[in-house]
Amino acid sequence: MSPNSVTSGSVRSAAELNEQIRALWLRAGGSLSAQERAEYELLVVEWAAAIRGEVVTAA
(Lines give C-alpha, C1' and ligand atoms only; values in the text may rest on other atoms or scores of the structure.)
Protein backbone atom coordinates (compact mmCIF):
# COMPACT_ATOMS: atom_id res chain seq x y z
CA MET A 1 0.00 0.00 0.00
CA SER A 2 1.47 3.35 -0.97
CA PRO A 3 0.87 6.58 0.99
CA ASN A 4 -1.34 7.75 -1.88
CA SER A 5 -3.71 4.83 -1.38
CA VAL A 6 -4.53 5.74 2.23
CA THR A 7 -7.90 7.40 2.41
CA SER A 8 -8.88 10.12 4.83
CA GLY A 9 -11.05 9.11 7.74
CA SER A 10 -8.95 6.31 9.16
CA VAL A 11 -10.94 3.59 10.89
CA ARG A 12 -8.44 3.51 13.75
CA SER A 13 -7.85 6.50 16.01
CA ALA A 14 -4.53 8.30 16.16
CA ALA A 15 -4.12 7.11 19.75
CA GLU A 16 -4.65 3.46 18.75
CA LEU A 17 -2.19 3.78 15.88
CA ASN A 18 0.34 5.47 18.16
CA GLU A 19 0.10 2.52 20.55
CA GLN A 20 0.66 0.10 17.67
CA ILE A 21 3.72 2.07 16.56
CA ARG A 22 5.12 2.03 20.10
CA ALA A 23 4.46 -1.70 20.43
CA LEU A 24 6.21 -2.36 17.12
CA TRP A 25 9.31 -0.51 18.29
CA LEU A 26 9.28 -2.37 21.62
CA ARG A 27 8.95 -5.77 19.90
CA ALA A 28 11.75 -4.84 17.50
CA GLY A 29 14.08 -3.74 20.28
CA GLY A 30 14.71 -0.41 18.60
CA SER A 31 15.97 -1.85 15.30
CA LEU A 32 13.42 -2.59 12.59
CA SER A 33 13.77 -5.34 10.00
CA ALA A 34 12.75 -4.59 6.41
CA GLN A 35 9.29 -6.09 7.05
CA GLU A 36 8.87 -4.16 10.32
CA ARG A 37 10.02 -0.97 8.57
CA ALA A 38 7.32 -1.42 5.93
CA GLU A 39 4.71 -1.99 8.65
CA TYR A 40 5.99 1.09 10.51
CA GLU A 41 5.74 3.25 7.41
CA LEU A 42 2.13 2.19 6.81
CA LEU A 43 1.22 2.84 10.43
CA VAL A 44 2.80 6.31 10.34
CA VAL A 45 0.95 7.25 7.16
CA GLU A 46 -2.33 6.03 8.66
CA TRP A 47 -1.54 7.84 11.94
CA ALA A 48 -0.89 11.11 10.07
CA ALA A 49 -4.23 10.77 8.23
CA ALA A 50 -5.99 10.09 11.54
CA ILE A 51 -4.38 13.17 13.11
CA ARG A 52 -5.49 15.33 10.17
CA GLY A 53 -9.01 13.93 10.45
CA GLU A 54 -9.13 14.66 14.18
CA VAL A 55 -7.88 18.23 13.66
CA VAL A 56 -10.48 18.89 10.94
CA THR A 57 -13.24 17.40 13.11
CA ALA A 58 -12.19 19.54 16.08
CA ALA A 59 -12.19 22.72 13.98
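The model shown is predicted, which means the values in this text are computed figures rather than measured ones.

### Focus on the packing of aromatic side chains
Per the stated rule, a full pass over the model turns up one aromatic pair. An angle of 80 degrees between the planes, with centres 5.5 Å apart, marks the rings of tryptophan 25 and tyrosine 40 as edge-to-face. With a gap of 15 residues between them, tryptophan 25 in helix H1 (residues 14-28) and tyrosine 40 in helix H2 (residues 34-58) connect regions that are remote in the sequence. A relative accessible area of 30% means that tryptophan 25 is categorised as partly exposed.

### Some points on H1
With 15 residues, H1 extends 21 Å between its outermost C-alpha atoms, agreeing within 8% with the 21 Å of an ideal straight helix rising 1.5 Å per residue. Considered for burial, the residues of H1 that qualify are Ala14, Leu17, Ile21, Leu24 and Ala28. The buried residues of H1 occupy an angular sector of 80 degrees when the element is viewed end-on, so they sit on one face. Opposite the buried face of H1, by more than 90 degrees, sit the exposed residues Ala15, Glu19, Arg22, Leu26 and Arg27. At the C-terminal side of H1, glycine 29 shows a positive phi close to 70 degrees.

### Concerning the pattern of salt bridges
Going through the model one piece at a time under the given rule, you end up with three salt bridges. The closest approach of N and O atoms between arginine 12 and glutamate 46, which form a salt bridge, is 2.5 Å. Taken together, the residues span a long stretch of sequence, with arginine 12 in the segment before H1 and glutamate 46 in helix H2 at a distance of 34 residues. Two residues, arginine 37 and glutamate 41, come together in a salt bridge whose shortest N-O distance is 3.3 Å. In this pair, arginine 37 and glutamate 41 are both assigned in helix H2, four residues apart and thus about one turn of the helix distant.

### So, the nonpolar core
Within the largest apolar cluster, eight residues are counted, these being Ala14, Leu17, Ile21, Leu24, Ala28, Leu32, Leu43 and Ala50. Elements with a contribution of two residues or more to this core: H1 and H2. Per-element accounting of this core gives the leading share, five residues, to H1.

Rules used in this analysis
Sequence positions are assigned chain by chain, starting from 1 and proceeding in written order. Note on the predicted model: pLDDT of at least 70 is required for a residue's local features to be given, and 80 or more for side-chain atom pairs to be given and counted; whole-chain, interface and lining totals, by contrast, use all residues. Heavy atoms throughout the structure, all of them, feed into the side-chain values; hydrogens and water do not. Stacked, tilted and edge-to-face pairs are distinguished by plane angle, under 30 degrees for stacked and over 60 for edge-to-face with tilted covering the rest, among Phe, Tyr and Trp rings (Trp via its six-membered ring) whose centres lie within 6.5 Å. Put simply, DSSP marks the helices as runs of H or I at least four residues long and the strands as runs of E at least two long, and each gets a number from the N terminus on. The classification of residues rests on relative accessible area computed with a 1.4 Å probe and restricted to protein chains. Under 20% of the type maximum is buried, over 50% is exposed, and intermediate values are partly exposed. Expected span, for any helix, means 1.5 Å times one less than how many residues it has. Directions from the helix axis toward the C-beta atoms define the arc. Any carboxyl oxygen of Asp or Glu that lies within 4 Å of a side-chain nitrogen of Lys or Arg is treated as forming a salt bridge with it. By nonpolar core we mean a set of buried residues, namely Ala, Val, Leu, Ile, Met, Phe, Trp, Tyr and Cys, connected to one another through side-chain atoms within 4.5 Å.

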